[in-house]
Structures are given as structure tokens and as C-alpha cells.
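Chain residues, written in single-letter form:
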Amino acid sequence: MNQDLEHLIVLQSQDLELKRLRQELTDAPLRVAAAQTARAKAEVALAAAKTALQKEEVLRRSQQSDVTDRHGKIARLRKQMETATSAAQITALEHEIKFAEGAIEKLEDEELASMERSEKHEAEKAQFTALLEKTTATLEAERARNANITKENTAAIAGIEAERKALRALIVESETGEAVLSNYDRISKAKGTGVSEALDHKCSACQMLVRPQRWNDLTGREHDAVIFTCETCGRMLYWDPRRDSPGSFAAGERLEKARLMGQQK
Ligand SMILES: [Zn+2]
């Protein structure tokens, strides 16, 4: 394989890893913020359920004291009936007693309705208490993850940056290196990657077919030093003969191997 191309495969694995590490660095605080929002929402919902419960309790206490008052009133009215002197007076008292009994019945119905609402709020309270616990745990985990990523990714980025710088310097040393490197930079800036593995007669990045003659040249020994590009996406193609041997490589393994080879050089 062309030596510049071999170096570019390693460079691309470094660039992709740097991108991933930087993306994680950007995402981690956003995940903390999202966890904070979720926890705050659970807190608000729990507070609302508690307030609603208290409101119902206050309402029922007032209903109960109202009922007690009306029972007292009925007892007084019955006492008055004992000393009533006219039929009209008795009718009026009976009317008042009936009215008070009606009011008690209505209050008791309302109390039942309030108890049903309380039951619903109790269920919400339990649900939001559990949610608050869960979101609190998530927030703690995201904070720990963020601290970890900040520390580890920053160190990893510095390490890869140093390797990358050395590799780019090495590439430029070769006769064709500068042109190849600027080509790689241009394509990867536009498309995210600059080199692509040719697999099964296709460019693995854009999935377009490599024409048979080009495939033969790419995989043959005669043009070993030539860098072929994908006619569709313009990426530089490389072909790994070991892919065709039994026990194929898992995704990423090839790049990792290349990287290790690069480090040994
Ligand atoms: Zn392509």
C-alpha cells in the first residue's frame, strides 16, 4: 500500500477519535443540564401534589366543623320545639331542621368527593416522590460522568493531538505527502472523512460501486503504490487484502491495527 495512504488511515482514525472525544466533551454538560431540568420538573410536580393534598385537608376540616355546627343547631331547634306554643312555630322549626339536615347531607357528599380527590393526589405524590428520587440519582450520575469525561477526554485529546502532529509532520516529509495531506484535509473537511475502505466492490463511505477495471487495479499488485479515489465521493480508497481471508476483521479493527503499526514506525 502507498505509504502516504497508510499514514492517512492512521490520521483518520485519530481525527475520528478526536471528534468523538470533543463531541462527548460538548454533550456531557448538556446531559447534566437536561438531568437538572428533569429533576426540577419532578420537584415542581411533587410540590403541586403536596399542596393539593393540604388544600383538600383544609377543605375537609372546614366541612367537618360545618357539619358539627349544623348538628348543634338541629339539637337547639329540637329543644325549642319542646317549648313551642303554636303550630306555626313548630312548622317553622321543622322546616329549619329539615334545611339543616339537607345541608349536612350535601356537606358529607362533598367530603366524600374531597377524599376521592385526596386519593388521586396521594397516588401522584407517591409517583412524583419516586420520580424525584430517580431524577436525583440520574443527575448525580451525569455530574460524575461529566467530571470524568472532562478529565479523561481532555487528557486523551492532548495525547492524540501530539500523535497527530507528529504523524502529519511525517507525512509531509515524503515527496507526495504535502499534496496528499492537503487533499485529505479538503475532503475530510467537506465530508467528515477523507479515506474510505473499498469493500466488496464498493466504496464503504458512499456505498457506490467501484468499476471492475478500477477494482482490479486497486486490489492488484501492479498499482500498489497508486492512490485510487472513489469516482463518486472523491475519497481516497484503500483495500485490505485480509478482509478477503477467512476470519474477517470487525469494524474498527483494521484502523486500530493500522494505528498500532503507525506507532511502531
Ligand atoms: Zn465513495
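Residues numbered from 1 in each chain as written. Predicted model: local features only at pLDDT ≥ 70, side-chain atom pairs only at ≥ 80, totals over all residues. Heavy atoms only, no water.

**What to know about the pattern of salt bridges**
As enumerated under the stated definition, the model contains 13 salt bridges in all. Note that R70 and D66 form a salt bridge whose closest N and O atoms lie 4.0 Å from each other. Of the two residues, R70 and D66 are both situated in helix α1 (residues 3-82); the distance of four residues between them amounts to about one turn of the helix. Since its relative accessible area comes to 27%, R70 is described here as partly exposed. You can call D66 partly exposed: its relative accessible area is 28%. In this structure, E231 and R211 form a salt bridge, with 2.5 Å as the shortest nitrogen-oxygen distance. In this pair, E231 sits in the loop between β3 (228-229) and β4 (236-238) while R211 sits in the loop between β2 (202-203) and α4 (212-219), placing the two residues 20 residues apart along the sequence. (Salt bridge = Lys/Arg side-chain N within 4 Å of Asp/Glu carboxyl O. Helix = DSSP H or I, 4+ residues; strand = E, 2+ residues; numbered from the N terminus. Buried < 20%, exposed > 50% of the residue type's maximum accessible area, 1.4 Å probe, protein only.)

**A few points about a negative patch on the surface**
A contiguous patch of negative charge on the surface is contributed by E57, E116, E119 and E122. The element that contributes the greatest number of residues to the negative patch is helix α2 (residues 87-173), accounting for three residues. Relative to the helices and strands, E122 resides in helix α2. Residue E122 is classed as partly exposed on the basis of its relative accessible area, which comes to 40%. (Patch = residues over 30% accessible without salt bridge, like charges linked within 9 Å, V, L, I, M, F, W, Y side chains within 5 Å. Areas by Shrake-Rupley, 256 points an atom, 1.4 Å probe, with all protein chains shown as cover. Lys, Arg positive; Asp, Glu negative; His and termini not counted. Charge placed at Lys NZ, Arg CZ, Asp CG, Glu CD.)

**A word on unusual backbone geometry**
Although it is not a glycine, D200 adopts a positive phi angle of roughly 55°. Relative to the assigned elements, D200 resides in the loop between β1 (195-199) and β2. Even without being a glycine, H201 presents a positive backbone phi close to 65°. Examined against the element boundaries, H201 turns out to sit in the loop between β1 and β2. Accessibility expressed as a relative area gives 36% for H201, which makes it partly exposed.

**Looking at helix α3 (residues 177-191)**
Taking 1.5 Å as the rise per residue, α3 with 15 residues should run 21 Å; its terminal C-alpha atoms sit 21 Å apart, in good agreement. Residues of α3 that are buried include every one of G177, V180, L181, Y184, I187 and S188, and no others. Looking straight down α3, one finds its buried side chains confined to an arc of 135°; they lie on one side. Set apart from the buried face of α3 by more than 90 degrees, the exposed residues are E178, A179, R186, K189 and A190. (Expected span 1.5 Å × (residues − 1). Arc of directions from axis to C-beta.)

**Digging into the layout of surface pockets**
For the largest pocket, the calculated volume is near 370 Å³. As for the largest pocket, its lining consists of 22 residues, and the residues nearest its centre are M1, L218, D224, W239 and P241. Among the elements of the structure, α1, α4, β4 and α5 (253-264) are those that each provide at least two residues to the lining of the largest pocket. With three residues, α4 is the largest single contributor of residues to the lining of the largest pocket. Of the residues assigned to the lining of the largest pocket, the class counts are 11 nonpolar, four polar and seven charged. (1 Å grid on protein atoms, 1.4 Å probe; cavity = no way out; pocket = protein on both sides within 12 Å on 5 of 7 lines; lining within 4 Å. Points joined across faces, edges and corners; volume = space filled by probe spheres on them. Nonpolar A, V, L, I, M, F, W, Y, C, P; charged D, E, K, R; others polar.)

**Here we look at the coordination of the zinc ion**
The protein atoms that coordinate the zinc ion are C203 (SG), C206 (SG), C230 (SG) and C233 (SG), at distances spanning 2.2 to 2.4 Å. Around the zinc ion, the four donor atoms are arranged such that angles at the metal cover 103 to 119°; this shape is classified as tetrahedral. Spacing between the donor residues of the zinc ion along the chain follows C-x2-C-x23-C-x2-C. You can see C206 sitting in the loop between β2 and α4 and its partner C233 sitting in the loop between β3 and β4, a full 27 residues away along the chain. In this structure C206 comes out as partly exposed when scored by relative accessible area, which is 23%. (Donors = N, O, S within 2.8 Å, 3.2 Å for Na, K, Ca; no water. Tetrahedral: all angles 85-135°; square planar, octahedral: opposite > 155°, others 65-115°.)

**Topic: the packing of α1 against α3**
The interhelical angle for the contact between α1 and α3, taken along N-to-C directions, is 35°, at an axis separation of 11 Å. Pair α1 / α3 crosses with right-handed handedness. Residues D4, L8, L11, Q12 and D15 of α1 touch α3, and the partners they reach there are G177, V180, L181 and Y184. Looking at the contact of α1 with α3 residue by residue, the class counts come to five nonpolar, two polar and two charged. (Axes fitted to C-alpha atoms, helices over the stretch in contact; angles between N-to-C directions. Left-handed = near helix turned anticlockwise from the far one by under 90°. Contact = heavy atoms within 4.5 Å.)

In short, geometric facts, not functional conclusions.
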